[in-house]
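Read off the chains here:
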Amino acid sequence: MSDISNNFSSVELLAPSGDIERLKCAVMYGADAVYLAGTMFGMRAGANNFNHEQLVDGVKIAHESGVKVYMTCNTIPRNDEINQLPEFLERAQAAGVDAFIIADIGVMRMAQKYAPKVHVHISTQAGIANYATANEFYNMGASRVVLARELCFDEIAELRAKTPGDLEIEAFVHGSMCVSFSGRCLLSSYMTGRDANRGDCAQPCRWKYYLTEEHREGQKFEIFEDKGTHILNSRDMCMIEYIPKLVECGITSFKIEGRAKSAYYTAAVTNAYRQAIDGYYANPSPDYKPSEIIMEELRKVSHREYSTGFYLGTEPGQVLSNGGYVREFKVAGMVEDCRDGMMILSQRNKFCIGDTLDIMPPKAQPFTIKVSEMYDEAGNAIQSAPHATMTVKIPYTGEPIAKGSFVRIEN
């Protein structure tokens, strides 16, 4: 078996990695483990994902920083795909992945046969909502179960108490939620031909809906109560204020959703939870709350209205008024260097003299600077940075800022 300890000194922070750039961000900003997919058998076909060479490189980057790599293999394969699994699993083992995330029993048995050095984690797609199911997967050789998102704190605590201590428990703590139980949705397949259970969801739950009457063709009636017609549009989950309860109920790994999200999203959310978790373990208390600065970080990423999911025993509800995101900040640039009294940026969105830039260094709290002067790559004074990826130099005399730090600006 690969070297994965079941005895964490603190909970594991597990971050999404849709491609190699996102993996690097997750590692840089404090993830203990990342999860990713190959070019097949993953539930996020819309993400760039990893070919074999990229997987080898990604595992090397992660392992050099002590970060584990879990590979999704959580679709439900059809007959004509089964003969591709042995090579897929063998190559993943050769690349050095630490665990597979699996939903299908047949795939699990094939993984144990063709990649016996790789641990098996049971995907949330399996809908594990009770200790009996968790125990059966453990008896079959799973080292971890990823719980259904529909469980409350008390249910998780009971499941933890009635399962072996070396069975790791992973649960989602942040990100998008599916309106269907554990993502078992057929709406996309029925409406668009894109199968959500094969990683290709078109997210029709986010659409605005009307009713039509059988004999009144073309006449639409709004489905409207008091706020809007996006009746299936789930809120996002955010559990950063409940770290003591998450730890107390026995969760081993805190999972952030978002393999299809941006590198900035990966970095910012990982950074916020890293600081919050470390803050809790520095002063463990049932009353621990992360600072308002850390909380604010989660409002600086693109998100739907936040909720606590089902953890508190109540349904998370829907965002009825719209199907879109709250986007209050955008990425202005990336730090390329910081030397000789200058911060050197690679521009991502336009900013100007007089703007306030919000710097997000890895594993640290953000800070702001006011742009009073700036220069192009040749040293010429400029009033704005309008061109994508242009080099911008801004006078800066504070503590050095790590290369790869994100620089943001309010919309």
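This is a predicted model, so every value here is computed, not measured.

**Q** Please clarify how the packing of helix α2 (residues 52-64) against helix α4 (residues 85-95) should be interpreted in this entry.
**A** Geometry of a packed helix pair, given as the angle between the helix axes and the separation of the axes. At a closest axis distance of 9 Å, the pairing of α2 and α4 adopts a crossing angle of 30 degrees. Regarding the angle of α2 to α4, the classification is roughly parallel. Read as a crossing pair, α2 and α4 show a hand that is right-handed. In contact with H52, L55, V56 and V59 of α2, α4 contributes R91, A92 and A95. Among the residues forming the contact of α2 with α4, the class breakdown is five nonpolar, one polar and one charged.

**Q** What is the right way to look at the packing of aromatic side chains in this model?
**A** Two measures describe an aromatic ring pair: the distance that separates the ring centres and the angle between the ring planes. This structure, assessed with the given rule, holds eight aromatic pairs. Ring centres of F41 and F88 lie 5.0 Å apart, and the angle between their planes is 70 degrees; on these two criteria the pair is classed as edge-to-face. With F41 in the loop between β2 (33-37) and α2 and F88 in helix α4, the pair connects residues that are 47 residues apart, well separated along the chain. With a relative accessible area of 5%, F41 lands in the buried category. Three or more aromatic residues joined by ring pairs make a cluster, and in this case those are Y29, Y264 and F406. It is R149 that lies over the ring of F172; its NZ or CZ is 3.7 Å from the centre. Between K255 and the ring centre of Y35, over which it is positioned, the NZ or CZ distance is 4.4 Å.

**Q** Sorry, what's going on with unusual backbone geometry here?
**A** Leave glycine aside and you will find that most residues have negative phi; peptide bonds, for their part, are mostly trans. Non-glycine residue K363 carries a positive phi angle of around 55 degrees. On the accessibility criterion, K363 (52% relative accessible area) is exposed. With a phi angle near 65 degrees, T389 is a residue other than glycine that sits in the positive phi range. Assignment of secondary structure puts T389 in the loop between β20 (384-385) and β21 (391-395). By relative accessible area, which is 54% here, T389 ends up exposed.

**Q** Would you explain empty space enclosed by the protein in this entry?
**A** Unfilled space is identified by rolling a water-sized probe across the atoms. Taken as a whole and assessed by the stated rule, the structure comprises one cavity of 30 Å³ or more. Put simply, the largest cavity is a space of about 50 Å³. For the largest cavity, the full set of lining residues is L147, A148, R149, E150, L151, I156, A171, F172 and Y311. Residues of the lining of the largest cavity, tallied by class, amount to seven nonpolar, no polar and two charged.

**Q** What is the right way to read the nonpolar core from this model?
**A** General note: in soluble globular proteins, nonpolar side chains tend to be found buried as a group. Counting residues in hydrophobic clusters, the biggest one holds 91 residues, and the most contacted among them are F100, I240, Y311 and F406. At 11 residues, the largest contribution of residues to this core is made by helix α10 (residues 263-282). In this structure Y311 touches L151, C152, F153, I156, A171, F172, V173, M237, M239, L246 and I251, once residues within four positions along its chain are discounted. Counting 20 residues, the second largest nonpolar core, distinct from the first, contains L345, I369, M390 and I394.

**Q** Help me understand the layout of surface pockets in this model?
**A** Roughly 230 Å³ of internal volume is contained in the second largest pocket. If you trace the second largest pocket, you find 14 residues lining it, with T39, M40, E87, F88 and R91 closest to the centre. Elements supplying a minimum of two residues to the lining of the second largest pocket: α2 and α4. Sort the elements by how many residues they give to the lining of the second largest pocket and α4 lands first, with four residues. Residue composition of the lining of the second largest pocket, by class: six nonpolar, six polar and two charged.

**Q** Is there a simple way to explain the pattern of salt bridges in this structure?
**A** Oppositely charged side chains can form a pair if their charged atoms are brought close together. According to the stated counting rule, one finds 21 salt bridges in the structure shown. Of the charged contacts in the structure, one is a salt bridge between D19 and R22, with a shortest N-O distance of 2.3 Å. Residues D19 and R22 agree in their burial class; the two are buried. Ionic pairing is found between E158 and K162, a salt bridge with its closest N-O pair at 2.8 Å. When its relative accessible area of 40% is taken as the criterion, K162 is described as partly exposed. One connected set of salt bridges, linked through shared partners, spans E12, R144, E168, E170 and K255.

**Q** Would you take a moment to explain the confidence of the model for the protein for this structure?
**A** Low pLDDT marks regions whose predicted coordinates should not be analysed in detail. When pLDDT is averaged along the protein, the result is 88, and 83% of the positions lie at 70 or above. In this model residues 1-7 is a low-confidence stretch, pLDDT under 50, and it forms 16 contacts with partners more than four residues away in sequence or in other chains.

**Q** Is there a simple way to explain the sheet that holds strand β18 (residues 374-376) in this structure?
**A** Hydrogen bonding along the main chain pairs the strands of a sheet, whether they run parallel or antiparallel. The strand order β17-β16-β22-β13-β14-β21-β18-β19 describes an open sheet built from eight strands, whose pairing is antiparallel. Bordering the open sheet on either side are β17 (367-370) and β19 (381-382), each of which pairs with just one other strand. Both β18 and β19 contribute to a ladder of two bridges, which runs antiparallel. Among the inter-strand pairings, Y375 is bridged to a residue of β19, identified as A381.

How each quantity is defined
- Residues numbered from 1 in each chain as written.
- Predicted model: local features only at pLDDT ≥ 70, side-chain atom pairs only at ≥ 80, totals over all residues.
- Heavy atoms only, no water.
- Axes fitted to C-alpha atoms, helices over the stretch in contact; angles between N-to-C directions.
- Helix = DSSP H or I, 4+ residues; strand = E, 2+ residues; numbered from the N terminus.
- Parallel < 35°, antiparallel > 145°, perpendicular 65-115°, else oblique.
- Left-handed = near helix turned anticlockwise from the far one by under 90°.
- Contact = heavy atoms within 4.5 Å.
- Nonpolar A, V, L, I, M, F, W, Y, C, P; charged D, E, K, R; others polar.
- Phe/Tyr/Trp six-rings, centres within 6.5 Å; stacked < 30°, edge-to-face > 60°.
- Buried < 20%, exposed > 50% of the residue type's maximum accessible area, 1.4 Å probe, protein only.
- Lys NZ or Arg CZ within 6 Å of the ring centre and 35° of its normal.
- 1 Å grid on protein atoms, 1.4 Å probe; cavity = no way out; pocket = protein on both sides within 12 Å on 5 of 7 lines; lining within 4 Å.
- Points joined across faces, edges and corners; volume = space filled by probe spheres on them.
- Core = buried A, V, L, I, M, F, W, Y, C linked by side-chain atoms within 4.5 Å.
- Salt bridge = Lys/Arg side-chain N within 4 Å of Asp/Glu carboxyl O.
- pLDDT = per-residue confidence, 0-100.
- Pairing = 2+ DSSP bridges.

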